[in-house]
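A look at the structure
The lines below spell out each chain.
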Amino acid sequence: FRVWLIETVPAKPEQFDAVIGEHLEYQFMLEREGIMFAAGPLLGPEDTAPSGPGFIAIRASSLEEAKRIADADPMHSTGTRTYSIRQWIINEGSINVTIRLSGQNPTLIE
């Protein structure tokens, strides 16, 4: 199983609040499309809020495609954050899937 890890770091933190909404919309789209595997900030042992680097794990057929995906992220296209990309080959571990059906559609409950 191969994914691309995008390590993203602050470049212009003063722009963060103006860009975070568009960034999250982009990430939600990547998740819906099955492109984004996982994403989130890295915190130190004493950190209580994200302010430093983070990772975005995506599926892409090539480094070029991974770069296009990263470049389109508003955090990167606005220069708010910069990034580097590495390919990650996952050899160990497991993934479990849970689909909860009960109670998910309250309009059907009268």
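What counts, and where the lines are drawn
- Residues numbered from 1 in each chain as written.
- Predicted model: local features only at pLDDT ≥ 70, side-chain atom pairs only at ≥ 80, totals over all residues.
- Heavy atoms only, no water.
- Pairing = 2+ DSSP bridges.
- Helix = DSSP H or I, 4+ residues; strand = E, 2+ residues; numbered from the N terminus.
- Salt bridge = Lys/Arg side-chain N within 4 Å of Asp/Glu carboxyl O.
- Buried < 20%, exposed > 50% of the residue type's maximum accessible area, 1.4 Å probe, protein only.
- Core = buried A, V, L, I, M, F, W, Y, C linked by side-chain atoms within 4.5 Å.
- Contact = heavy atoms within 4.5 Å.
- Arc of directions from axis to C-beta.
- Axes fitted to C-alpha atoms, helices over the stretch in contact; angles between N-to-C directions.
- Polar contact = N/O pair within 3.5 Å; in protein donor to acceptor, adjacent residues only side chain to side chain.
- pLDDT = per-residue confidence, 0-100.

**Brief notes about the pairing of strand 1 (residues 2–10)**
- The pairing of strand 1 with strand 4 (residues 81–89) spans nine bridges and is antiparallel. Residue pairing in the sheet places Ile 6 in a bridge with Ile 85 of strand 4.
- Direction of pairing for strand 1 relative to strand 3 (residues 54–58): antiparallel, over a ladder of five bridges. Looking across to strand 3, one finds that Ile 6 is bridged to Ile 56.

**So, the pattern of salt bridges**
- In total, this model carries one salt bridge according to the counting rule given.
- With its nearest N and O atoms 3.5 Å apart, the salt bridge here joins Glu 7 to Arg 86. You can see Glu 7 sitting in strand 1 and its partner Arg 86 sitting in strand 4, a full 79 residues away along the chain.
- Among the residues examined, Arg 86 registers a relative accessible area of 52% and is labelled exposed.

**Concerning the nonpolar core**
- Of all hydrophobic cores here, the largest spans eleven residues; its members are Trp 4, Ile 6, Tyr 26, Leu 30, Met 36, Ile 56, Ile 58, Ala 66, Ile 69, Ala 70 and Ile 85.
- Taken together, the elements giving at least two residues each to this core come down to strand 1, helix 1 (16–32), strand 3 and helix 2 (63–72).
- In terms of residues, this core owes the most to one element, helix 2, which gives three residues.
- Residue contacts for Tyr 26: discarding those within four places in its chain leaves Ile 69, Ala 72, Asp 73 and Pro 74.

**Considering helix 2**
- Those residues of helix 2 not exposed but buried are Ala 66, Ile 69 and Ala 70. Down the axis of helix 2, the sector holding all buried residues measures 95°, keeping them to one side.

**A word on the environment of Arg 32**
- Within the element layout of this structure, Arg 32 appears in helix 1.
- Classification of Arg 32 by relative accessible area gives exposed; the value is 63%.

**Digging into the sheet that holds strand 2 (residues 36–41)**
- Strand order in the open sheet formed by four strands is 2-3-1-4, with antiparallel pairing between adjacent strands. Looking at which strands have only one partner, the edges of the open sheet turn out to be strand 2 and strand 4. Looking at each pair of strands side by side, their axes are set apart by 15° on average, direction ignored.
- Direction of pairing for strand 2 relative to strand 3: antiparallel, over a ladder of five bridges. Paired with Ala 39 across the two strands is Ile 56, which belongs to strand 3.

**So, the side chain of His 76**
- For His 76, the position within the fold is in helix 3 (residues 74–77).
- Of note is the side chain of His 76, whose polar atom sits 2.8 Å from the backbone oxygen of Ala 70.
- Not counting the four nearest positions on each side in its chain, His 76 is found in contact with Ile 6, Thr 8, Ala 70, Asp 71, Arg 81, Thr 82 and Tyr 83.

**Concerning the confidence of the model for the protein chain**
- When pLDDT is averaged across the protein chain, the result is 89; 90% of the residues are at 70 or more.
- Put simply, strand 2 is where the protein chain has its lowest mean pLDDT, 92, and helix 3 is where it has its highest, 98.

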